[in-house]
Number of protein chains: 2
Amino acid sequence: MISVAIMGHGVVGSGVDEIIRTHKDRLFSAIGEELDVKYILDLRDFPDSPHADRFTKNFEDIVNDVEVRVVAEAMGGLNPAYDYTKRLLKAGKSVVTSNKELVAQHGAELLQIAKDNNANYLFEASVGGGIPIIRPLSKCLAANNVDEIAGILNGTTNFILTKMIAEGMGFDEALKIAQELGYAEKDPTADVEGHDACRKICILASLAYGKHVYPDNVHTEGITKITLEDVQYAANYGCVIKLIGRCKVEEGGMMDIGVAPMFVPCSSQLANINDVFNGIMVRGDCTGDVVFYGKGAGKLPTASAVVADVIDCALHLKRRKLIFWADSKEQNILPMEESKTALYIRINTEDKEAAYNTLTSALGEVKTLSRVDAPENEVAFATANEVKYGDALNAVEALKAQGAEVISVIRIGNL
Amino acid sequence: MISVAIMGHGVVGSGVDEIIRTHKDRLFSAIGEELDVKYILDLRDFPDSPHADRFTKNFEDIVNDVEVRVVAEAMGGLNPAYDYTKRLLKAGKSVVTSNKELVAQHGAELLQIAKDNNANYLFEASVGGGIPIIRPLSKCLAANNVDEIAGILNGTTNFILTKMIAEGMGFDEALKIAQELGYAEKDPTADVEGHDACRKICILASLAYGKHVYPDNVHTEGITKITLEDVQYAANYGCVIKLIGRCKVEEGGMMDIGVAPMFVPCSSQLANINDVFNGIMVRGDCTGDVVFYGKGAGKLPTASAVVADVIDCALHLKRRKLIFWADSKEQNILPMEESKTALYIRINTEDKEAAYNTLTSALGEVKTLSRVDAPENEVAFATANEVKYGDALNAVEALKAQGAEVISVIRIGNL
C-alpha cells in the first residue's frame, strides 16, 4: 500500500480523491499496490465526504509522516503551495501538481530541489488539463528538435471566441454566458488578458528548450479588444481568431515567445478547436505537426492527469523521472519588436490610398480585406509576408501621423 | 556510450540511422550518454551510407554481441522479425519496433519474453507513426477507464477518401494518385481492405484492455466499395466518410471491435483529419474525448518514434517499463451481429414506401436522405438510433426479398 496525501479539496483536489476512490481496480493494476489517501489538507470541513476521517488542517501532519510518499498539490496559487512543495520535496516525498502558476514561476527551483532529494516533481495537469502533453513532449517527441509549439491553452477565452465566431455574439455577452456556465470566474482577468495561457506556454517552452522561461518576461495580449468586425474580416480571409500561446527558437538561440489573439487559417487543426476545448500543436523537425486535443480544464479531466502523475511517482519511488529544466537568468527572449509575423491591420481613414502606400512601403506587399456593411472610411489590410513586429508598430505610427485611426492590429499565424 | 543495432535499412530503418546521426546533441542530453549505432542489419549493400562500415548481413553478429543493449527492428513482416526479436529478448536485449504486423500478431508473447528476461519491448511507432499514442494511452490516461478508442489509423485510405470528398474524384483515380505519390503500394490490399488499420486497432485495444486481441478475430471492411454517391449522401447528412478502427468494451466485458468505413459527423474532431494524416480519439471516463493528430507514416515521423523508444530503453537498461498485456485465447470479442451502430442504407427499388416500411418495422425510426441527380429508383435511409448489426443484415435480406437492390450499407459513427 502506498500512502498519499492530497493538499486542497477544491475542484481538482476533490476530483483526485474521487478518482482514487472510484478507480481502485484500475489503479491497482497500474501500480501493483493499493493507493491509500491518508490525508486531505483543507482548512474547511467536509463532514459528508467518504474520506471525512482523512481531513487535516495541519500541513505538519503530512510533511512529518514518513509513510506518505506522494503528495498531490491541488491548492493553486503561489502561497502556501510554494513553501509546502519545497518542504515536501526536501523531505524526499514526490509531489504532483495541477498548479500552473507555481510551476511557471518556480518550476526550475522545484525541479532542482526534487533532483537533489531523489524525489519527483510532476505536473502533467498544469497544461491542457486532461490532455496528455507534458509526458509526450518530454518522452515521445524526445528524438525531435522542437521547432515550434503553438496552442489554444485557455478554455474560457476559446469559449468566448467561439461564441463570437459561430454566433456573432459580442465579447461582453459571451463573457457573461461563460461566467453563468462557470467557465469564467467573476474576475475574468487572468483568462481574458492571457495570463493563464502565458503560464502554460512558459511551462511548455521551459520543458521543450530546457531553460526556465518566466511569465513576466513574456509579451502577453488578451482578447478584450477583439470585436465582431475583426471576426468578420478574419472569416473573409479564410481564418478564425484564436488566442494562441506560442514559442519558437530562432537561429542564434533567442526564443520568440508570446501570447496573443491570432488569425488562424481554417485549414489549421487549431482552427477547429472550439468551445472550452484546448489544442496544442507541437512542430517537430522529424514528426512534423502533431496536435493534442481535449478538455483543458474541469474537475475529472484535470484530476485524472494528477492521478496519472501519482501513478508514475508510485512506480518510481526510488528513481527519478527525467523531467527537468534549468533555471535561467540570462535574457534569451527575443524582444517583441524583433518577432516576425504576418499582420492584419484595420483602420479608419479618409485616404485609403495613402494608407495602402504607407503600409506597402514599410511592410512590403499587403492585401486589402473586405467585409459587408463596412463604413465608408474603414479599411483593413493583411501583409502578404511576415514582417518584424517593430516595423509594423512604426508603420502604425506613420498611419496615425497621416490622420488614420488604427483600430486593430492582429497577428496572422502560420499554423 | 550505449551500443544499438538497427535491423532493416528500408524507409524506417534508414530514418532511425539518420536521426541518431543528425540528433546527437539532443539524444545525448536526453540520455546522458552517447548512442552508437554498432550494427545495421540488411542483406543489401549501402556503400554510400555514412555508416557503411556498420552494415552486416549476419544477425548472429548482433545477438551475440554483449555490448548491444538496444535493437531497433525495422524489418517489417512476420519473418524473420519474429524469430530475431524473440532471440534478442531472450538474450536480455531490449527491442523497439515499428512493426505493427508483428506486434498485432505476437505482442503478448513477445511482451512476456521481455518480462521474463528483464528487457523491454516497445512499439510507439507501430501505431500512428510519429503521433504519440502508445505511451499517452498507457501512462497519461492510466487513471481513466477507457470507454472507447476510435481512429483514422491508415493514411493511404484517408488520402483516397479525402480526394473523393474534397474533389469528387472516384476511388480508382484517387488510388492511382496515391500510388503515384508513394502513399499506396503497388498492391494496395493491406491498406484499402483495412488490414493495416485492423492491426493498429488490435494493438490499441490490447494495450487499453490488457488482453491480446488477434487481427484474425476482428471484423474488417475496407473502402473499395465506397462510391461518390455515398460521399454525397454523407455530405447531405452532415457527415464525411472515414475508415475508422474502433473498439469499446460492452457491459459484461465483451469487446466490440472492428474496422469499417463510417459516416463521421462533421462536428467530430475526426472529421477534420484529412489527406495522409492520422487521428486517434480516446474516450476516457474522466478525461472525456482526447484526440491525437499527426503524420501516421513516413520516414522521419515513424523513425523519430522508434528513436524515442530507443531513448526510453537506454534510460531503463536494467528496469522494466510497465507496458504489458496478457495473452488471451478466450473468445471475448462481440460477434459482429451483436454490435450496435446507426446505419446508412442505400438501395435501388421500384417501391420506396415498401422499403421504408420494412426498415422502420425492423430497425425503428429511419430518415430518408437525398442527393441531387439521384436516379428515380434510388433511395437512401439512415436509422435514427443504434441498431444491432445482425438486425440490419436481416432487414437487408428482407429488402432483397422485396426485389430491392441493396447498394451500400455503411455504419454511422457516434464520434
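Computed from a prediction, not measured in an experiment: that's the story for all the values here.

Looking only at helices and strands, one finds 14 helices and 17 strands in chain A. Expected size for 415 residues packed as a compact globule is a radius of gyration near 22 Å; at 23 Å, chain A falls within 12% of this value. Dimensions of chain A, computed from C-alpha atoms along their principal axes, come out at roughly 75 × 45 × 35 Å. Taken over 415 residues, chain A has a buried fraction of 58%. Excluding contacts between residues fewer than 6 apart, the proportion of contacts in chain A whose partners are at least 24 apart in sequence is 73%. When the accessible surface of chain A is split by element, carbon and sulfur atoms take 47% of a total near 15,900 Å². Treating the 42 positive side-chain charges of chain A as one cloud and the 58 negative ones as another, the clouds have centres 6 Å apart.

What follows is about the sheet that holds strand S6 (residues 121-122) of chain B. Across the sheet, which stays open at both edges, the six strands sit in the order S3-S2-S1-S4-S5-S6 (chain B) with parallel pairing between neighbours. Either end of the sheet is taken by a strand with one partner, and the two such strands are strand S3 (55-56) and S6 of chain B.

Below, the discussion takes up the side chain of B:Asp196. Residues and elements named next belong to chain B. Among the structural elements, Asp196 can be located in helix H10 (residues 195-209). You can call Asp196 buried: its relative accessible area is 5%. The contact partners of Asp196, leaving out residues within four places of it in the chain, are Lys100, Leu153, Asn154, Ala190 and Asp191.

This part is about the packing of helix H1 (residues 11-22) of chain A against helix H12 (residues 299-315) of chain A. Residue and element names in this part refer to chain A. Between H1 and H12, whose axes approach to 8 Å, the crossing angle comes to 65°. Accordingly, the angle class assigned to the pair H1 and H12 is roughly perpendicular. The crossing of H1 and H12 is right-handed. Residues Val11, Val12, Ser14, Gly15, Val16, Glu18, Ile19 and Ile20 of H1 form the contact with H12, whose own contacting residues are Lys299, Leu300, Thr302, Ala303, Ser304, Val306 and Val307. Each residue belonging to the contact of H1 with H12 can be placed in one class, and the counts come to nine nonpolar, four polar and two charged.

This part takes up the relation of the copies chain A and chain B. Copy one and copy two of the chain differ by a rotation about a common axis and a shift along it. Superposition record for chain A on chain B: RMSD 0.1 Å, screw rotation 180°, translation along axis 0.0 Å. Both chain copies can therefore be described as sitting about a two-fold axis. Considering only C-alpha atoms, the part of chain A nearest the rotation axis is A:Phe292, at 2.5 Å. The residues that chain A uses at the interface reappear at the interface of chain B in 100% of cases, marking a shared surface.

Turning to the confidence of the model for chain A, a few remarks are in order. The predicted coordinates should not be examined in detail at positions where pLDDT is low. Mean pLDDT over chain A stands at 95; residues scoring 70 or higher make up 100%. In the model output, the complex is listed with pTM 0.95 alongside ipTM 0.94.

Residues and elements named next belong to chain B. Burial along strand S5 (residues 94-97) is two-sided: the residues Ser94 and Val96 and Val95 and Thr97 are all buried. Of the strand pairs in this sheet, strand S4 (residues 68-73) and S5 are connected by four bridges, and their pairing is parallel. Note that in S5 the partner of Ala72 across the bridge is Val96. The pairing of S5 with S6 spans two bridges and is parallel. The residue bridging Val95 from the neighbouring strand is Tyr121, located in S6.

Now for the sheet that holds strand S6 (residues 121-122) of chain A. Across a sheet, paired strands are connected by hydrogen bonds in the backbone, their directions being either parallel or antiparallel. Residues and elements named next belong to chain A. The six strands are arranged S3-S2-S1-S4-S5-S6 in an open sheet whose pairing can be described as parallel. Of all the strands in the sheet, just strand S3 (55-56) and S6 have a single pairing partner and so form its edges. Of the strand pairs in this sheet, strand S2 (residues 35-41) and S3 are connected by two bridges, and their pairing is parallel. Bridge pairing in S3 links Ile40 to Phe55.

Once that is clear, we can look at the pairing of strand S12 (residues 288-295) of chain B. Most of S12(B) sits inside the fold, with six of its eight residues counted as buried. As paired elements, strand S12 (residues 288-295) of chain A and S12(B) share three bridges and run antiparallel to each other. Within S12(B), the residue paired with A:Phe292 across the bridge is B:Phe292. Bridge analysis of strand S11 (residues 277-284) of chain B against S12(B) gives eight bridges, and the strand direction is antiparallel. Bridging across to S12(B), B:Met281 finds its partner in B:Val291. Connecting the antiparallel pair S11(B) and S12(B) is a turn made up of three residues.

Conventions adopted
- Residues numbered from 1 in each chain as written.
- Chains lettered and ligands numbered in written order.
- Predicted model: local features only at pLDDT ≥ 70, side-chain atom pairs only at ≥ 80, totals over all residues.
- Heavy atoms only, no water.
- Helix = DSSP H or I, 4+ residues; strand = E, 2+ residues; numbered from the N terminus.
- Rg over C-alpha atoms; globule rule 2.2 N^0.38 Å.
- Buried < 20%, exposed > 50% of the residue type's maximum accessible area, 1.4 Å probe, protein only.
- Contact = heavy atoms within 4.5 Å.
- Areas by Shrake-Rupley, 256 points an atom, 1.4 Å probe, with all protein chains shown as cover.
- Lys, Arg positive; Asp, Glu negative; His and termini not counted.
- Charge placed at Lys NZ, Arg CZ, Asp CG, Glu CD.
- Pairing = 2+ DSSP bridges.
- Axes fitted to C-alpha atoms, helices over the stretch in contact; angles between N-to-C directions.
- Parallel < 35°, antiparallel > 145°, perpendicular 65-115°, else oblique.
- Left-handed = near helix turned anticlockwise from the far one by under 90°.
- Nonpolar A, V, L, I, M, F, W, Y, C, P; charged D, E, K, R; others polar.
- Least-squares fit on C-alpha atoms with pLDDT ≥ 70 in both.
- pLDDT = per-residue confidence, 0-100.

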